[in-house]
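Each chain, letter by letter, is given below.
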Amino acid sequence: MNQVWIQCEDKNSLLTAIAEPGRVMIAGGTDLLINVRRLAPADKPAQMVDLSLVEELKNIHLEGNMLTIGSMVTYTQLMTDPLIRKHLPVLAEAASQVGSPQIRNRGTLGGSLVNASPAADMAPLWILLKAQVKLESFGKERILLVEDFLLGHQKTMLAPGEVMTEIRCLIPKKSVIYQKIGRRNAAAIARLNGCCLLDRQEDTVKEIRLVIGAATPTPLDLQKDCSGWIDKPWTIERLDEVASQAMRRVEEISGRRASATWKFPAIENLVRRLLLDAWAEGGKQ
Amino acid sequence: MTTFTLHFWLNNQPESVEIPLTATLLDVLRDELHMTGTKRGCGIGECGACTVLLNGQAVNSCTVLALQAQGQKVETVEGLAKGEELSSLQQSFIEEHAVQCGFCTSGMLMSATGLLRQNPHPSEKEIRTAISGNLCRCTGYMPIIKAIEKESKR
Ligand SMILES: Cc1cc2nc3c(=O)[nH]c(=O)nc-3n(C[C@H](O)[C@H](O)[C@H](O)COP(=O)(O)OP(=O)(O)OC[C@H]3O[C@@H](n4cnc5c(N)ncnc54)[C@H](O)[C@@H]3O)c2cc1C
Ligand code: FES
Ligand code: FES
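Residues numbered from 1 in each chain as written. Chains lettered and ligands numbered in written order. Predicted model: local features only at pLDDT ≥ 70, side-chain atom pairs only at ≥ 80, totals over all residues. Heavy atoms only, no water.

1. Structural notes on the overall build of chain B
Part 1 of the argument: Helix and strand counts for chain B come out as five helices and five strands.
Part 2 of the argument: The order of α-helices and β-strands along chain B, N terminus first, is β-β-α-β-β-β-α-α-α-α.
Part 3 of the argument: Taken over the C-alpha trace, chain B has a radius of gyration of 15 Å; the compact-globule value for 154 residues is 15 Å, and the two agree within 12%.
Part 4 of the argument: On the principal axes, the C-alpha backbone points of chain B span a range of 50 × 30 × 25 Å.
Part 5 of the argument: Contacts spanning at least 24 positions in sequence make up 55% of the contacts within chain B whose residues lie at least 6 apart.
Part 6 of the argument: In chain B, the 13 positive side-chain charges and the 16 negative ones have mean positions that sit 7 Å from each other. (Helix = DSSP H or I, 4+ residues; strand = E, 2+ residues; numbered from the N terminus. Rg over C-alpha atoms; globule rule 2.2 N^0.38 Å. Contact = heavy atoms within 4.5 Å. Lys, Arg positive; Asp, Glu negative; His and termini not counted. Charge placed at Lys NZ, Arg CZ, Asp CG, Glu CD.)

2. Describing the overall build of chain A
Part 1 of the argument: Scanning chain A for helices and strands turns up 11 helices and 14 strands.
Part 2 of the argument: Its C-alpha radius of gyration of 20 Å places chain A within 12% of the 19 Å reference for a compact globule of 285 residues.
Part 3 of the argument: C-alpha extents for chain A along the principal axes are approximately 65 × 45 × 30 Å.
Part 4 of the argument: Split into buried and exposed, the 285 residues of chain A put 53% on the buried side.
Part 5 of the argument: Long-range contacts, defined here as pairs at least 24 residues apart, represent 63% of the contacts in chain A between residues at least 6 apart.
Part 6 of the argument: Of the roughly 12900 Å² that chain A leaves accessible, carbon and sulfur atoms contribute 50%.
Part 7 of the argument: Mean positive and mean negative side-chain charge positions of chain A (36 and 33 charges, respectively) differ by 5 Å. (Buried < 20%, exposed > 50% of the residue type's maximum accessible area, 1.4 Å probe, protein only. Areas by Shrake-Rupley, 256 points an atom, 1.4 Å probe, with all protein chains shown as cover.)

3. Here's the deal with the packing of helix α2 (residues 88–95) of chain B against helix α5 (residues 142–153) of chain B
Residue and element names in this part refer to chain B.
Part 1 of the argument: Orientation of α2 relative to α5, taken along the N-to-C sense of each, is 140°, at an axis distance of 8 Å. In terms of their interaxial angle, α2 and α5 are classed as oblique. Considering the relative orientation of α2 and α5, their crossing is right-handed. In contact with Ser88, Leu89, Ser92, Phe93 and Glu95 of α2, α5 contributes Ile144, Ala147, Ile148, Lys150 and Glu151. (Axes fitted to C-alpha atoms, helices over the stretch in contact; angles between N-to-C directions. Parallel < 35°, antiparallel > 145°, perpendicular 65-115°, else oblique. Left-handed = near helix turned anticlockwise from the far one by under 90°.)

4. Some details on the side chain of Ser92(B)
Residues and elements named next belong to chain B.
Part 1 of the argument: Along the chain, Ser92 falls in helix α2.
Part 2 of the argument: Judged by relative accessible area, which is 0%, Ser92 ranks as buried.
Part 3 of the argument: Ignoring sequence-local partners within four residues, the contact set of Ser92 consists of Ala147, Lys150, Glu151 and Arg154.

5. Thoughts on the environment of Ser244(A)
Part 1 of the argument: For Ser244(A), the location among the structural elements is in helix α10 (residues 236–254).
Part 2 of the argument: In the structure, Ser244(A) is positioned 25 residues away from Asn269(A) in sequence and 9.7 Å away in space, judged by C-alpha atoms.

6. So, the site of ligand 1
Part 1 of the argument: Taken together, 30 residues sit near ligand 1, with Met25(A), Thr30(A), Asp31(A), Tyr75(A) and Thr108(A) positioned nearest.
Part 2 of the argument: In this structure ligand 1 sits where residues from chains A and B come together.
Part 3 of the argument: In the environment of ligand 1, an oxygen atom lies 2.7 Å from a nitrogen or oxygen atom belonging to the backbone of Gly28(A).
Part 4 of the argument: With the chains in place, 94% of the 980 Å² that ligand 1 exposes on its own is no longer accessible. (Near = heavy atom within 4 Å. Polar contact = N/O pair within 3.5 Å; in protein donor to acceptor, adjacent residues only side chain to side chain.)

7. A short note on the interface of chain B and chain A
Part 1 of the argument: Taken together, the contact pairs 30 residues of chain B with 32 residues of chain A.
Part 2 of the argument: On the chain B side of the interface with chain A, the three residues burying the most area are Leu21(B), Thr63(B) and Gln68(B), jointly 25% of the side's total.
Part 3 of the argument: Along the contact surface separating chain B from chain A lie zero salt bridges.
Part 4 of the argument: At the boundary of chain B with chain A, the tally comes to nine residue pairs in polar contact (both at pLDDT 80 or more). (Buried area = accessible area lost by both parts, 1.4 Å probe. Salt bridge = Lys/Arg side-chain N within 4 Å of Asp/Glu carboxyl O.)

8. Some remarks on α5(B)
Part 1 of the argument: Spanning 12 residues, α5(B) covers 17 Å between terminal C-alpha atoms, matching the ideal 16 Å at 1.5 Å per step.
Part 2 of the argument: Buried within α5(B) are the following residues: Pro143(B), Ile144(B), Ile145(B), Ala147(B), Ile148(B), Glu149(B), Glu151(B) and Ser152(B). (Expected span 1.5 Å × (residues − 1).)

Structure, rendered in structure tokens:
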């Protein structure tokens with residue numbers, strides 16, 4: 001195949017470039033190049049399209065309550081953006097725990113979603129926030145919930161000729177708690193992470209969302225498992241119940257794997273910690 | 001084999017080189033331009049030995065596609081000294097014994113250069129964060145942190 005290198009500076013030329021079959025898009029390259037390195041020369045991409053100069057994909061803006069984040073926004077940009085820090089600081093906090101400064105300077109949010117690693121740090125947050133992604137192709141666009149976009153380990157709904165252009169979500173009323181358990185701070189992809197949002201009136205739970213990441217091929221949404229709590233008082237028994245339910249759900253999906261000896265108690269503890277912190281947070285006005 | 005022409009700014013000098021499509025910036029610096037100050041450690045973004053500045057930001061050159069540097073500014077450790085005269089950051093590294101085997105040093109210097117340019121008076125925590133993507137097997141990090149602190153007070 002003829003080798004091709006195309007650097008697009010605007011979305012229209014990008015959509016034209018990727019309409020041709022066989023074109024491989026590169027964003028920050030932090031996932032792609034590590035995969036390419038392992039390939040035999042004949043299997044390496046022959047036609048590449050660079051997204052890194054498309055400024056339209058690097059914007060962050062807020063309209064009413066709707067936050068729109070370009071797919072080419074890097075972790076560093078997310079961490080330092082004033083809108084994010086003011087309205088949804090948990091995104092900045094989670095981004096600051098990704099990889100190392102070098103990875104955060106390059107790695108993009110779109111790249112992470114399309115790469116669809118089960119251990120991706122931001123994915124549980126997107127699910128909790130009920131975020132949507134915009135997928136565009138020449139003359140067409142569609143919007144999917146992240147939950148529906150992610151299909152499994154490195155599997156997504158992205159179709160040939162499509163590029164992810166935006167991620168968007170509503171700013172929730174209560175703050176979101178995020179926690180990550182990694183090997184060491186820098187360059188550690190999460191071994192386990194999770195996030196929780198809890199709204200309450202006095203001692204009665206009004207809304208609760210809980211998502212655990214890196215334990216299952218796609219983030220595990222435990223909102224339904226927590227639904228018994230709505231309009232009920234907070235009790236320690238219920239906390240125990242949700243924590244053990246989380247372990248059962250992981251076991252159902254992933255089975256008891258080699259990592260299970262430490263992972264199961266860790267999941268239980270993570271769920272407890274998230275719920276306790278979110279409970280404290282949920283009482284704040 | 002098809003090659004592509006990469007034009008970019010390397011340590012403030014224009015540079016042009018013919019390279020394969022999938023070459024990384026690290027491949028081009030070391031193997032094509034013979035600028036071997038930038039080290040190849042893991043090759044997969046984990047160790048930071050290959051750190052360079054791309055438009056002023058620290059990146060692992062092993063995970064940057066060289067062609068993405070087209071028209072951009074790249075700075076490597078070779079750009080720090082003026083001829084025979086070391087930069088004061090390099091001098092601080094020597095004074096604080098921040099170099100043992102030296103394999104991590106160019107990457108550390110580039111991460112520190114990127115930090116000090118954006119934040120000339122970082123806290124110890126900010127220094128630790130800035131070099132958190134750079135592994136050192138020898139020094140235990142303290143001399144490196146001290147050297148960067150010293151430079152920030154000069
Ligand atoms: C050392 C190291 C540490 C890491 N640590 C973490 C960590 O702690 N947490 C974490 O979550 N991740 C981590 N990562 C993973 C990685 O950095 C992220 O997944 C990153 O966000 C990927 O984005 P990118 O721009 O580099 O993607 P690329 O590598 O450029 O692309 C990845 C894939 O997505 C496709 N793609 C990219 N953008 C688009 C788009 N807009 N539309 C359609 N397709 C697209 C590409 O074609 C490719 O298939 C780490 C990686 C490394 C190497
Ligand atoms: S060689 Fe690039 S990070 Fe290790
Ligand atoms: S001095 Fe040897 S690795 Fe840092």
